[in-house]
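Structural overview for review
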Amino acid sequence: MDLRRLAQANAMSSPRRSSAPFNRRATNSTPPSSSSHSATPRPRVSYPITRSPLESPSISASLPFDWEAARGLRDPPYSLLSPKRRSPRDSEICTPNGKGGSPTKQRAVRKKSLYEKITSLPSRIAFEISIFPNNVPLPAPKTSACLIGGTLHLIHFCVRVSQIRSIPDSDIGWEDMYREDNNVAWFDWTVPMTCLLIIAASLNAIFLLTHTKLYHLHLQPNPVASPHARFVTAPTDPPSLATRLRTCAWSAFLAFWRFLLGISPSSSPGSSALGVSRVQELEVWTPSERELMLFCIYSPIHVSLWMLWNAGNWIMMAAVMVGVSFQIRILTTTFEALVKDRAIIAAEVLHEYDEKYVSPRIHPVRRDACVMTNEAEIVEFGDTMIR
């Protein structure tokens, strides 16, 4: 197409051979009256083809790369762009270190009025309450658990000292009978405090054991070997603590009567009789680090040991409390390490399987005999090279 266009352009620009005689005849035959009104034809400039059109650059062709300019032997065909200095921003004109230019007017910042601050105070308080206790700068989970557990032990120690301080040594261990014989009031500030300590330890244990996360096994029609798996009609959010406790109590009641009557529990099928698809739901225990550490330091077992503490066995009770805490902590730490080790082993097994079997088959090392060559296939003959 480029050659055809070039030939047409040369043909249009070059004058024809018969054009000059024709113009002469037309000029001679023109009457003298009309010679003043006729325009003299201008001769057209012809450009003869002296070289092949293939040697001339086309419109779409790019200029060849200038290797001489790239090597620094001559100036490049393009002009060098001098780096322009970035004009400073408004915020950089007046800087504290004095590097800025002329000072400009400072930015106008609108401040809230006293009325706006007072009217926005309720919404601010409601927002802070909604994100409590995440907005409180608490220490690390283990540190806060140690502080809370130590404080509860100290409070319980003060309560027990206040309870047995007025009892003589001969009646130690028989505090209830001593108060009944001497008409001493049994209800004082130590009773509600003891109840609060028991409730605190029990609530921490309940929150620790009921902190779970739900997973749905959509591609598993068969029941998995786990007591925490069940079939549900539709995936739902984790139930509340009250609902969970009610469900556990009902399950325990049914299990009790099944055991007495000898009835085996019915297995949950993957789909109901009406044809509604059901999803298998797995409830996984995800304990919190703070609650787990607090359970190791101050658990309901520690509360029971404090109830048995008196002036005659305080050394033995202290040793038992320390032993219980140490045993629970060692057990939890070892189990956490076991879970991490199993995860590492499972990940490494999959990694080795991918490296040995999957990757070599997905990305095999191949060679293309049509385009690959070797030095043995190259024959040099004089100035030419034959491949």
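Residues numbered from 1 in each chain as written. Predicted model: local features only at pLDDT ≥ 70, side-chain atom pairs only at ≥ 80, totals over all residues. Heavy atoms only, no water.

1. Some thoughts on the overall build of the chain
Going by this rule: Helix and strand assignments follow DSSP, with helices taken as H or I runs no shorter than four residues and strands as E runs no shorter than two, numbered in order from the N terminus. Categorising residues by exposure relies on relative accessible area from a 1.4 Å probe, with only protein chains included: less than 20% of the type maximum marks a residue as buried, more than 50% marks it as exposed, and the intermediate range marks it as partly exposed. Here, two residues are considered to be in contact whenever any of their heavy atoms come within 4.5 Å of each other. Note on areas: these come from Shrake-Rupley sampling with a 1.4 Å probe, and a residue is covered only by the protein chains present in the view.
When you go through the chain residue by residue, the secondary structure sums to 14 helices and five strands. Scored against the burial criterion, the 387 residues of the chain give a buried share of 14%. Contacts in the chain between residues far apart in sequence, at least 24 positions, make up 71% of those at least 6 positions apart. In the form shown here, the chain has an accessible surface area of approximately 32,600 Å², with 63% of it arising from carbon and sulfur atoms.

2. Notes on the confidence of the model for the chain
Applicable threshold: Each residue carries a pLDDT score, the predictor's confidence in it, ranging from 0 to 100.
Per-chain confidence: the chain averages 74 in pLDDT, with 60% of residues scoring 70 or above. Low pLDDT, under 50, characterises residues 16–38; the predicted model gives this stretch two contacts beyond four residues in sequence or across chains. Ignoring residues within four places in sequence, the model shows residues 268–274, a span with pLDDT below 50, making ten contacts including any to other chains.

3. Brief notes about a nonpolar patch on the surface
Counted only if it meets this: Two distance rules govern patches: like charges are joined within 9 Å, and nonpolar side chains (Val, Leu, Ile, Met, Phe, Trp, Tyr) within 5 Å, applied only to residues with over 30% relative accessible area and no salt bridge. What makes a salt bridge here is a side-chain nitrogen of Lys or Arg within 4 Å of a carboxyl oxygen of Asp or Glu, nothing more.
Together, Trp250, Phe253, Phe256, Trp257, Phe259, Leu260, Leu261 and Ile263 make up a nonpolar patch on the protein surface, roughly 940 Å² of accessible area in all. Tracing the chain through its elements places Phe256 in helix α11 (residues 241–261). Judged by relative accessible area, Phe256 falls into the partly exposed class, the value being 45%.

4. Topic: the packing of helix α10 (residues 190–209) against helix α12 (residues 289–297)
The cut-off we apply is this: Note on method: axes are straight lines fitted to C-alpha atoms, helices fitted across the in-contact stretch only, with angles between N-to-C directions ranging 0 to 180 degrees. Angular relationships are summarised with four words: roughly parallel below 35 degrees, roughly antiparallel beyond 145, roughly perpendicular across 65 to 115, and oblique for the angles in between. In this scheme, a crossing is called left-handed if the near helix is turned counterclockwise away from the far one by less than a right angle; it is called right-handed if the turn is clockwise.
Their axes nearest at 9 Å, the elements α10 and α12 cross at an angle of 135°. One element, α10, and the other, α12, form an angle in the oblique class. Taken as a pair, α10 and α12 cross one another with a handedness that is left-handed. Across the interface between the two elements, Asn204, Ala205, Phe207 and Leu208 of α10 pack against Glu291, Leu292, Leu294 and Phe295 of α12.

5. With respect to the pairing of strand β3 (residues 279–285)
Put simply, the test is: Two strands form a pair only when DSSP identifies at least two bridges running between them.
Here strand β1 (residues 212–217) pairs with β3 via six bridges, running antiparallel. From the neighbouring strand, Leu217 faces β3, where its bridge partner is Gln280. Relative to β3, strand β2 (residues 229–232) runs antiparallel, the two being bridged by four bridges. Among the inter-strand pairings, Ala229 is bridged to a residue of β3, identified as Leu282.

6. Some remarks on the packing of helix α8 (residues 141–164) against α12
Running from N to C, α8 and α12 point in directions that differ by 35°, and their axes come no closer than 8 Å. Judged by the twist between their axes, the crossing of α8 over α12 is right-handed. Facing α8, whose interface residues are Pro141, Lys142, Ser144, Ala145, Cys146, Ile148, Gly149, Gly150 and His153, α12 presents Glu289, Arg290, Met293, Leu294 and Ile297.

7. Details of the sheet that holds β1
One open sheet holds the three strands; their spatial order is β1-β3-β2, and the pairing between them is antiparallel. Two strands lie at the open edges of the sheet, namely β1 and β2, each paired on one side alone. The sheet shows a mean angle of 35° between the axes of neighbouring strands, direction not considered.

8. Details of the packing of aromatic side chains
In plain terms, the rule: Here a pair means two rings of Phe, Tyr or Trp (six-membered ring of Trp) with centres within 6.5 Å. Their orientation is stacked below 30 degrees between planes, edge-to-face above 60, and tilted elsewhere.
A full pass over the atoms with the stated rule returns seven aromatic pairs. Ring geometry for Phe157 against Trp309: centres 5.6 Å apart, planes inclined by 65°, an arrangement best described as edge-to-face. Remark: Trp309 occurs in the loop between α13 (300–307) and α14 (314–362) and Phe157 occurs in helix α8; sequence separation between them is 152 residues. With relative accessibility at 37%, the residue Phe157 sits in the partly exposed group. Judged by relative accessible area, which is 9%, Trp309 ranks as buried. Consider the rings of Tyr353 and Tyr357, whose centres lie 5.4 Å apart with planes at 40°: the pair is tilted. Pair noted here: Tyr353 and Tyr357 are both in helix α14, with a separation of four residues, about one helical turn. Residue Tyr353 is classed as partly exposed on the basis of its relative accessible area of 48%.

9. A look at the pattern of salt bridges
Throughout the structure, instances matching the rule amount to four salt bridges. A salt bridge links Glu281 to Arg230; the shortest N-O distance between them is 3.1 Å. One end of the pair, Glu281, is in strand β3; the other, Arg230, is in strand β2, and 51 residues separate them in sequence.

10. With respect to the side chain of Ser325
As a reminder, the rule being used: Any pair of N or O atoms that falls within 3.5 Å is considered a polar contact. Within protein, one atom must be able to donate a hydrogen and the other to accept it, and sequence-neighbouring residues count only if both atoms are side-chain atoms.
With respect to the helices and strands, Ser325 occurs in helix α14. Overall, the relative accessible area of 18% leaves Ser325 in the buried class. From its side chain, Ser325 meets the backbone oxygen of Cys296 in a polar contact 3.2 Å long. Non-local contacts of Ser325, meaning those with residues more than four positions away in its chain, are made with Cys296, Ile297 and His302.

11. Quick look at the nonpolar core
Stated precisely, the cut-off is as follows: Grouping buried Ala, Val, Leu, Ile, Met, Phe, Trp, Tyr and Cys residues that are joined through side-chain atoms within 4.5 Å yields what is termed a nonpolar core.
Judged by nonpolar contacts, the single largest core of 18 residues is most densely connected at Tyr298, Leu305, Trp306 and Trp309. Those elements that place two or more of their residues in this core are α8, α10, α12, α13 and α14. Not counting chain neighbours up to four residues away, the residues in contact with Trp306 comprise His153, His156, Phe157, Arg160, Tyr298 and Met321.

12. As for the side chain of Glu291
Test applied: Residues scored as charged are limited to Lys and Arg (positive) and Asp and Glu (negative), so that His and the chain ends carry no count.
Examined against the element boundaries, Glu291 turns out to sit in helix α12. The charged side chain of Glu291 is buried without a salt bridge, its nearest counter-charge being Arg290 at 7.0 Å. If near-sequence neighbours (up to four positions away) are discounted, Glu291 is found in contact with Asn204, Phe207 and Leu208.

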